[in-house]
Amino acid sequence: MKNIKKLNYFKVDVSDYEDIINNLNFKVAKLRNSKIIISGGSGFIGKWLIGSLLNINNNFKLNLKIDIISRNSKRFEKNYLFLKKEKCINLININLCKVSLDTKKRYDYFFHLANDSNSKYYSDLNFQLYNNLQITRNIIKFCENNVSKKIFFCSSGAADNI
């Protein structure tokens, strides 16, 4: 068992992060100096991923660079003030439904966790599905030239009018 720093992010029980770090089934050194981009970082899965990456980064001195895409990065940063203190974090304010991700930056890993399922604004399921398809198209187009190692897609979004 590695003696880890007790870092609590997003009000997640520190023991959960301890379990993640102590039970890693891969060599964390593979992540050293990696550039990671995450869409949907303010969602349920995204917050767990960011908290875990921050703990791993801080405990193993990996020098990660993590860009987080959010439709409302100011609100995300306001709700989670610790993000400003984390030098490895950069927030990108963009709505992937409407705009393609346009940057010349290269990344090693892309975690696509974004989903547009806010039924409060979209009563039309087809419109929701179309928006999610647009997000995914924009991500795939971006990844073709900007991501060198792995792309991970997962969504916890749900439409309640199915």
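Every value quoted in this text rests on a predicted model; they were computed, and no experiment measured them.

Draft legend 1. Representation of the packing of aromatic side chains. Across all of its chains, the model carries 5 aromatic pairs by this definition. Ring geometry for Phe76 against Tyr80: centres 5.5 Å apart, planes inclined by 70 degrees, an arrangement best described as edge-to-face. Looking at Tyr80, the relative accessible area reads 19%, which means it is buried. Ring geometry for Phe110 and Phe142: centres 6.1 Å apart, planes at 65 degrees, overall edge-to-face. Of this pair, Phe110 sits in strand 4 (residues 107–112) while Phe142 sits in helix 5 (residues 125–146); the two residues are 32 residues apart in sequence, bridging distant segments of the chain. Here the two residues Phe110 and Phe142 agree in accessibility, since each one is buried. Feature note: the residues Phe76, Tyr80 and Phe82 constitute an aromatic cluster, connected by ring pairs.

Draft legend 2. Spotlight on unusual backbone geometry. The backbone of Asn33 sits at a positive phi, close to 65 degrees, despite the residue not being glycine. Here Asn33 is to be found in the loop between helix 1 (14–22) and strand 1 (35–39).

Draft legend 3. Expanded view of the layout of surface pockets. Size it by volume and the largest pocket reaches roughly 520 Å³. Gly40, Ser42, Gly43, Arg71 and Asn115 are, among the 31 residues lining the largest pocket, the residues nearest its centre. Those elements that place two or more of their residues in the lining of the largest pocket are helix 2 (44–60), strand 2 (65–70) and helix 3 (73–79). If you tally residues by element for the lining of the largest pocket, the top one is helix 2, at 4 residues.

Draft legend 4. Helix 5, seen in detail. Under the 1.5 Å per step criterion, the end-to-end length of helix 5 is 31 Å for 22 residues, consistent within 8% with the ideal 32 Å. Taken together, the buried positions of helix 5 are occupied by Gln128, Asn131, Asn132, Gln134, Ile135, Asn138, Ile139, Phe142, Cys143 and Asn146. On an axial view of helix 5, the arc spanned by its buried residues comes to 165 degrees, and they lie on one face. Along helix 5, exposed side chains directed more than 90 degrees from the buried face belong to Asn126, Lys141, Glu144 and Asn145. Those residues of helix 5 that are buried are in contact with strand 1, strand 4 and strand 5 (147–153).

Reading the values: rules and limits
- Residues numbered from 1 in each chain as written.
- Predicted model: local features only at pLDDT ≥ 70, side-chain atom pairs only at ≥ 80, totals over all residues.
- Heavy atoms only, no water.
- Phe/Tyr/Trp six-rings, centres within 6.5 Å; stacked < 30°, edge-to-face > 60°.
- Buried < 20%, exposed > 50% of the residue type's maximum accessible area, 1.4 Å probe, protein only.
- Helix = DSSP H or I, 4+ residues; strand = E, 2+ residues; numbered from the N terminus.
- 1 Å grid on protein atoms, 1.4 Å probe; cavity = no way out; pocket = protein on both sides within 12 Å on 5 of 7 lines; lining within 4 Å.
- Points joined across faces, edges and corners; volume = space filled by probe spheres on them.
- Expected span 1.5 Å × (residues − 1).
- Arc of directions from axis to C-beta.
- Contact = heavy atoms within 4.5 Å.

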